[in-house]
Amino acid sequence: MFEVYHCHYTLVDILRLLYAPIFFVGAWFMFEMIKITNLSSRVNDGKEINKDLKMGIRIIKIILLGLCIIVLLYEQLTIISDYCNIYLPYQRGEYEITEGKVLEFQTNSGYESFSVNNNEFYYIYRNPQMGYHKIMQKGGFIRRNGQYVKIGYCKDNYDNNVIVKMWIEEKDMDTQ
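Computed from a predicted structure; not experimentally measured.

Take unusual backbone geometry next. One non-glycine residue, Glu104, lies in positive phi territory at about 55 degrees. Along the chain, Glu104 turns up in strand β3 (residues 103-107). On the accessibility criterion, Glu104 (55% relative accessible area) is exposed.

Now the structure itself:
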């Protein structure tokens, strides 16, 4: 058996940590543009904007800021959760291993699922979650029912099996 995948942190994972602050700065820039637009419309009309319009703009700013903070917190908590619940247990060797034939293999352009020894696995191709998620159409290693594999996996927060290590037989390396 050849190891074809192991869980790791990449530059993309580190950049995901920067996503939220960049999003926040972008939102703040948007709020400032609303303020500038507000001032320019006052200058162009030569009139004071009425209090109801000012209050409406403030409410929109508060709602948008709240949404930005929710997105920021969700993204950061997801990254931290992946690190604590998947990567650290993997690094400590605290993961289960199953070995056997792939059964119930299903794949399409973005989703793949299968089971090995009654352990179900599924993943989405462009999923930012840690763990293996390369589908067959994009060069993935799970190719067919009956393929013999060895898989290391951890449970995520939702009790799903996340693949952290994978081995396949040498004969299946040729089909890549």
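Here is the key point about a regular strand: its side chains alternate between the two faces of the sheet. In terms of residue burial, strand β7 (residues 161-168) counts as a mostly covered element, since eight of its eight residues are buried. Pairing of strand β6 (residues 148-155) with β7, which is carried by seven bridges, proceeds in the antiparallel orientation. Bridging across to β7, Gly152 finds its partner in Lys165. Connecting β6 to the antiparallel partner β7 that follows it, the hairpin turn spans five residues, and Asp159 within it adopts a positive phi of roughly 65 degrees.

Parameters and conventions
- Residues numbered from 1 in each chain as written.
- Predicted model: local features only at pLDDT ≥ 70, side-chain atom pairs only at ≥ 80, totals over all residues.
- Heavy atoms only, no water.
- Helix = DSSP H or I, 4+ residues; strand = E, 2+ residues; numbered from the N terminus.
- Buried < 20%, exposed > 50% of the residue type's maximum accessible area, 1.4 Å probe, protein only.
- Pairing = 2+ DSSP bridges.

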